[in-house]
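# A look at the structure
Spelled out from the first residue to the last, the chains are:
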Amino acid sequence: MGMTRTHWASIAAVVLALLFAGTATVVAGEDDGPAGPATPDAASADAGFARDMSVHHQQAVEMSFIVRDRTQNEEIRSLAYDIANTQANQRGMMMGWLDLWGLPKVAPGEAPMAWMAKAGGAHAGHGTKDAASANSSGDADTAPMPGMATQAQLERLGELSGRAAEIEYLQLMIVHHNGGVDMAQGCVDLCTVDTEKSLAQGMVNAQRSEVELMVDLLKKRGAQVRT
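The shown structure was predicted, so the numbers you read here are calculated from the model rather than taken from an experiment.

## Topic: the layout of surface pockets
In this structure, the largest pocket spans a volume of roughly 300 Å³. Around the largest pocket sit 20 residues that line it, and Asp52, Val55, Val106, Pro112 and Met145 are the ones nearest its centre. Looking at the lining of the largest pocket, the elements that each hand over two or more residues are α2 (45-68), α3 (74-101) and α4 (128-137). Across the lining of the largest pocket, the residue classes tally to twelve nonpolar, three polar and five charged.

## A few points about the state of the cysteines
Working definition of a disulfide: a covalent bond connecting the sulfur atoms of two cysteines. Summed over the entire model, instances satisfying the criterion amount to one disulfide. Here Cys187 engages in a disulfide with Cys191; their sulfurs sit 2.2 Å apart. The sign of the S-S torsion, about -120°, decides the handedness of the disulfide formed by Cys187 and Cys191: left-handed. Judged by relative accessible area, which is 0%, Cys187 ranks as buried. Overall, Cys191 belongs to the buried group, its relative accessible area being 4%.

## Concerning α2
Helix length check: α2, at 24 residues, gives a terminal C-alpha distance of 34 Å against a target of 34 Å (1.5 Å per residue), a fit within 8%. Of all 24 residues making up α2, 19 are buried, and the element is well covered by its neighbours.

## Focus on the pattern of salt bridges
Applying the stated criterion to the full structure yields seven salt bridges. Between Arg221 and Glu166 there is a salt bridge, and its shortest N-O distance comes to 2.7 Å. You can see Arg221 sitting in the segment after α7 (194-220) and its partner Glu166 sitting in helix α6 (residues 162-190), a full 55 residues away along the chain. For the pair shown, Arg221 and Glu166 are each scored as buried. Among the ionic pairs, Glu168 bridges to Arg226, the shortest N-O distance being 2.9 Å. Residue Glu168 is found in helix α6, and its partner Arg226 is found in the segment after α7; the two are separated by 58 residues along the sequence. Glu168 sits in the buried class, given a relative accessible area of 4%.

## So, the environment of Asn178
In this structure, Asn178 sits in helix α6. Asn178 gets classed as partly exposed once you look at its relative accessible area, which sits at 43%.

## Side note on unusual backbone geometry
Negative phi characterises most residues that are not glycine, and trans characterises most peptide bonds. Phi angles above zero are rare outside glycine, and Met113 is one such case at about 75°. Position of Met113 among the secondary structure elements: in the loop between α3 and α4.

## Quick look at the packing of aromatic side chains
The final tally for this structure, using the stated rule, is two aromatic pairs. Between Trp97 and Trp101 the ring centres are 6.2 Å apart and the planes differ by 20°, which places this aromatic pair in the stacked class. In this pair, Trp97 and Trp101 are both assigned in helix α3, four residues apart and thus about one turn of the helix distant. You can call Trp97 buried: its relative accessible area is 3%.

## Description of the nonpolar core
Among the nonpolar cores identified, the biggest contains 28 residues, and Phe49, Met53, Met94, Ala184 and Met203 are the most heavily contacted of them. For this core, the secondary-structure elements that each account for two or more residues are α2, α3, α6 and α7. Within the second largest apolar cluster, 23 residues are counted, among which are Met63, Leu79, Ala80 and Leu213.

Parameters at a glance
- Residues numbered from 1 in each chain as written.
- Predicted model: local features only at pLDDT ≥ 70, side-chain atom pairs only at ≥ 80, totals over all residues.
- Heavy atoms only, no water.
- 1 Å grid on protein atoms, 1.4 Å probe; cavity = no way out; pocket = protein on both sides within 12 Å on 5 of 7 lines; lining within 4 Å.
- Points joined across faces, edges and corners; volume = space filled by probe spheres on them.
- Helix = DSSP H or I, 4+ residues; strand = E, 2+ residues; numbered from the N terminus.
- Nonpolar A, V, L, I, M, F, W, Y, C, P; charged D, E, K, R; others polar.
- Disulfide = S-S within 2.5 Å.
- Buried < 20%, exposed > 50% of the residue type's maximum accessible area, 1.4 Å probe, protein only.
- Expected span 1.5 Å × (residues − 1).
- Salt bridge = Lys/Arg side-chain N within 4 Å of Asp/Glu carboxyl O.
- Phe/Tyr/Trp six-rings, centres within 6.5 Å; stacked < 30°, edge-to-face > 60°.
- Core = buried A, V, L, I, M, F, W, Y, C linked by side-chain atoms within 4.5 Å.

Structure, rendered in structure tokens:
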């Protein structure tokens, strides 16, 4: 039952990604209108989200490929494939938008999550403290964005196998997804390009659904969500 929900969420996310990708050129080329500036600038929330979420997604893809090689459990392997496939598609689309907008994929000198500081209330400053700390200290065990695993955690995942690897992956990915949901909600609140806001809302919905599934999978393995 849970896997059916995840498969539908993943399929929907990929379909949305393909639809958004097909309209990205039109959106980028339109004149300014009710949806906001047609071409965001490098300091905008639109550009910041596309850059940061691309990095965030890349780690989810990496973790998913790691666990597929460390377990033979088809339930976990299927989940990992769904996450990797969906987030790789979405990452490619966001990188494509940056190209269409003529903006850099990396912003030297700008801390990850700086764009979130523009949000008021619950989003203000979220993730920027850890990002700044990571940049200044060079600490490989400090995650640069909300929910991201540290290098030490990735290495540990690669050393485990079977049930232990499954639990580690689920615990890491739940935290990763929750961080991604917060980032995506920030774009829903701040981004000006309607197509990007719609993609971000799709991320929020799909990743929340996957978190529910992963919590259930952890319980089946006698483990709990990592806090």
